[in-house]
Amino acid sequence: MWQWLYKLGSPRHFYEMTTGLVPWLTGVSLLLLAAGVVWGLGFAPPDYQMGDNFRIIYIHVPTSMCGMGAYVLLATMAAMHMIWNIKMADIVAKVSAPVGAAYIALGLITGALWGKPTWGTYWTWDARLTSSLILLFLFLGVMALRAAYDSESAGSKAASVLAIVGVVNVPIIYFSVQWWNTLHQGTSKLGGAGSANPPEIWIPAFFTGFAVIGLFFVAVILRSRNEILYRERRTQWVQDLLQKELTHA
Amino acid sequence: MNPIRKQKLLIVGVILGGAAVATALLLLAFNKGLNAFFTPTEIAEGKVTGTQNIRIGGMVKKGSLLKEGLQGTRIEFIATDFNEDVPVVYTGVLPDLFREGQGVMADGHMDAKGVFQADSILAKHDENYMSSEVKAAMEAAKNKQAAKTVANGGAQP
């Protein structure tokens, strides 16, 4: 186990271990997404108050939660890079920021589209919405800070510090609906049949949830592989790989 | 762990701890200032003075909704948190989810008579989702139960 994790820390081993994983993970995620979307949009019963409006939860909840998870991953990788100087951690921190930003942006957009018919407004400055917007700006800030330096290592150090500081925002987003009066509703508790939040409404959300997480890792792995090839472009193993690709083509 | 790694771990810990403490102090200082709205209880306690614009939140009290005007564009209702009540007056279009027994948020100000003059109304949704079929079945069961109680009530002393 430790041996395996230790190997993942080396860019070359990461590249070789993920080669077979990508098509498999993409396929499973897309299947789950298709199943969840068809079930959620086509067959799950409409909500008694919102009618069909509520169906946006099948995208809104998974992307928002995955966006928050992405920031925790980013901060963890930044800390690992700062403490142990693991190259692979820096690569994952770099490539996961734009993916996480896209996810939380999607959460904000779908939330706004749901908010207009339900609440009567696209946007309100309540604690949940505002802290989520701050998370998007943190992602963008980490990306901008890294890009602002000419030297890769200086940029990654500055971005790592911001990434670590910003992680305090994640529990604030999660608990905002409990700590303050917000327009955004609290976290749904999942109940049995007949109760509020019955399984026929929630099971499709688990499908889209796992699909969204799977696709997040597909994007991160693909982007990591590109970054590995670029950073290691002068090493023998990348040269060999390139040679092999060229002879195949 | 070698000393340099240990030192770096300490630095990261201090950065994170410092940020957490600073944020916690900041949030504690804001305290309830970060609330999106005032509750009727807070208004009754005199937390709102004068006629500045504020936002209130609560439930639309059952049986309190009054519609006036040609299309019912002028409405009156009582916002409650089951402790204190605030009467609200509003003229305009309502969101779809606005109804009695539902959460509501209103922007506006308190007038001299203690009535909240709303400029806009937002409906608050709770964290419960239910299919229309289940809701209809529950309503039917409730009505049957009520009918039974009435029937039995006549026979009982």
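The structure we're discussing is the one just above.
1. A short note on the overall build of chain A
Then, number 1: In terms of regular secondary structure, chain A is built from 10 helices and 0 strands.
Then, number 2: The N-to-C order of helical and strand elements in chain A reads α-α-α-α-α-α-α-α-α-α.
Then, number 3: Seen along its three principal axes, the alpha-carbon backbone of chain A occupies a region of about 65 × 40 × 35 Å.
Then, number 4: Expressed as a percentage of the 249 residues in chain A, the buried residues total 47%.
Then, number 5: At a minimum sequence separation of 6, the contacts of chain A that also span at least 24 residues come to 73%.

2. Comments concerning the overall build of chain B
Then, number 1: Counting its regular elements, chain B contains 3 helices and 6 strands.
Then, number 2: Along chain B, helices and strands appear, N-terminal first, in the series α-α-β-β-β-β-β-β-α.
Then, number 3: Burial analysis of chain B (157 residues in total) assigns 32% to the buried set.
Then, number 4: In chain B, 47% of the contacts between residues at least 6 apart in sequence involve partners at least 24 apart.
Then, number 5: Accessible surface, chain B: about 9600 Å² in total, of which carbon and sulfur atoms supply 59%.

3. Thoughts on the packing of aromatic side chains
Residue and element names in this part refer to chain A.
Then, number 1: Here the structure, examined in full by the defined rule, presents 12 aromatic pairs over all chains.
Then, number 2: Here Phe-54 and Tyr-58 contribute two aromatic rings whose centre-to-centre distance is 5.9 Å and whose plane-to-plane angle is 65 degrees, an arrangement assigned as edge-to-face.
Then, number 3: In textbook terms, an aromatic cluster arises when at least three aromatic residues are bridged by ring pairs, as seen for Tyr-174, Phe-175, Trp-179 and Trp-180.
Then, number 4: Sitting over the ring of Tyr-230, Arg-233 keeps its end group 4.1 Å from the ring centre.

4. A look at the pairing of strand 6 (residues 116-124) of chain B
Residues and elements named next belong to chain B.
Then, number 1: Sheet analysis places strand 4 (residues 85-91) next to strand 6, joined by 3 bridges and oriented parallel. Looking at the pairing, Tyr-90 lines up with Ala-118 of strand 6.
Then, number 2: Direction of pairing for strand 5 (residues 103-110) relative to strand 6: antiparallel, over a ladder of 8 bridges. Looking at the pairing, Ala-106 lines up with Ile-121 of strand 6.

5. Digging into the pattern of salt bridges
Residues and elements named next belong to chain A.
Then, number 1: In the structure shown here, the tally under the stated rule is 12 salt bridges over all chains.
Then, number 2: For the salt bridge of Arg-146 with Asp-90, the shortest nitrogen-to-oxygen distance reads 3.1 Å. With Arg-146 in helix 6 (residues 127-148) and Asp-90 in helix 5 (residues 87-119), the pair connects residues that are 56 residues apart, well separated along the chain. Summarising the burial analysis for this pair, Arg-146 and Asp-90 share the class buried.
Then, number 3: Salt-bridge contacts for Arg-231 lead to Glu-152; the nearest nitrogen and oxygen are separated by 3.0 Å. Remark: Glu-152 occurs in helix 7 (residues 152-166) and Arg-231 occurs in helix 9 (residues 199-231); sequence separation between them is 79 residues.
Then, number 4: Accessibility expressed as a relative area gives 27% for Arg-231, which makes it partly exposed.
Then, number 5: Look at Glu-152 and you get partly exposed, because its relative accessible area is 38%.
Then, number 6: Shared partners join several salt bridges into a network, and the residues in it are Asp-90, Lys-94, Arg-146, Glu-152, Glu-227 and Arg-231.

6. Brief notes about the nonpolar core
Then, number 1: Core analysis: the biggest nonpolar cluster contains 49 residues, and Tyr71(A), Leu74(A), Leu135(A), Phe139(A), Phe216(A) and Ile228(A) have the highest contact counts within it.
Then, number 2: For Leu74(A), the residues in contact, after removing those within four places along its chain, are Ala93(A), Ser96(A), Ala97(A), Phe139(A), Val142(A) and Ala163(A).
Then, number 3: Membership of the second largest hydrophobic core comes to 19 residues, among which are Ile57(A), Ile201(A), Met105(B) and Leu122(B).

7. Points about unusual backbone geometry
Then, number 1: For Asn85(A), which is not glycine, the phi torsion reads 60 degrees and is therefore positive.
Then, number 2: If you trace the backbone, Asn85(A) turns up in the loop between helix 4 (57-84) and helix 5.
Then, number 3: Phi is positive for Phe82(B), close to 65 degrees, though the residue is something other than glycine.
Then, number 4: Within the secondary structure layout, Phe82(B) lies in the loop between strand 3 (74-80) and strand 4.
Then, number 5: On the basis of relative accessibility, which here comes to 67%, the residue Phe82(B) falls in the exposed class.

8. Quick word on helix 2 (residues 11-18) of chain A
One full turn of an α-helix is made of 3.6 residues, so residues set three or four places apart face in the same direction.
Residue and element names in this part refer to chain A.
Then, number 1: Listing the buried residues of helix 2 in full gives Pro-11, Phe-14, Tyr-15 and Thr-18. An end-on view of helix 2 places all buried positions within 100 degrees of arc, on one side of the element.
Then, number 2: Of the surrounding elements, those touching the buried residues of helix 2 are helix 1 (2-8), helix 3 (21-43), helix 5, helix 9 and helix 10 (236-248).

Parameters and conventions
- Residues numbered from 1 in each chain as written.
- Chains lettered and ligands numbered in written order.
- Predicted model: local features only at pLDDT ≥ 70, side-chain atom pairs only at ≥ 80, totals over all residues.
- Heavy atoms only, no water.
- Helix = DSSP H or I, 4+ residues; strand = E, 2+ residues; numbered from the N terminus.
- Buried < 20%, exposed > 50% of the residue type's maximum accessible area, 1.4 Å probe, protein only.
- Contact = heavy atoms within 4.5 Å.
- Areas by Shrake-Rupley, 256 points an atom, 1.4 Å probe, with all protein chains shown as cover.
- Phe/Tyr/Trp six-rings, centres within 6.5 Å; stacked < 30°, edge-to-face > 60°.
- Lys NZ or Arg CZ within 6 Å of the ring centre and 35° of its normal.
- Pairing = 2+ DSSP bridges.
- Salt bridge = Lys/Arg side-chain N within 4 Å of Asp/Glu carboxyl O.
- Core = buried A, V, L, I, M, F, W, Y, C linked by side-chain atoms within 4.5 Å.
- Arc of directions from axis to C-beta.

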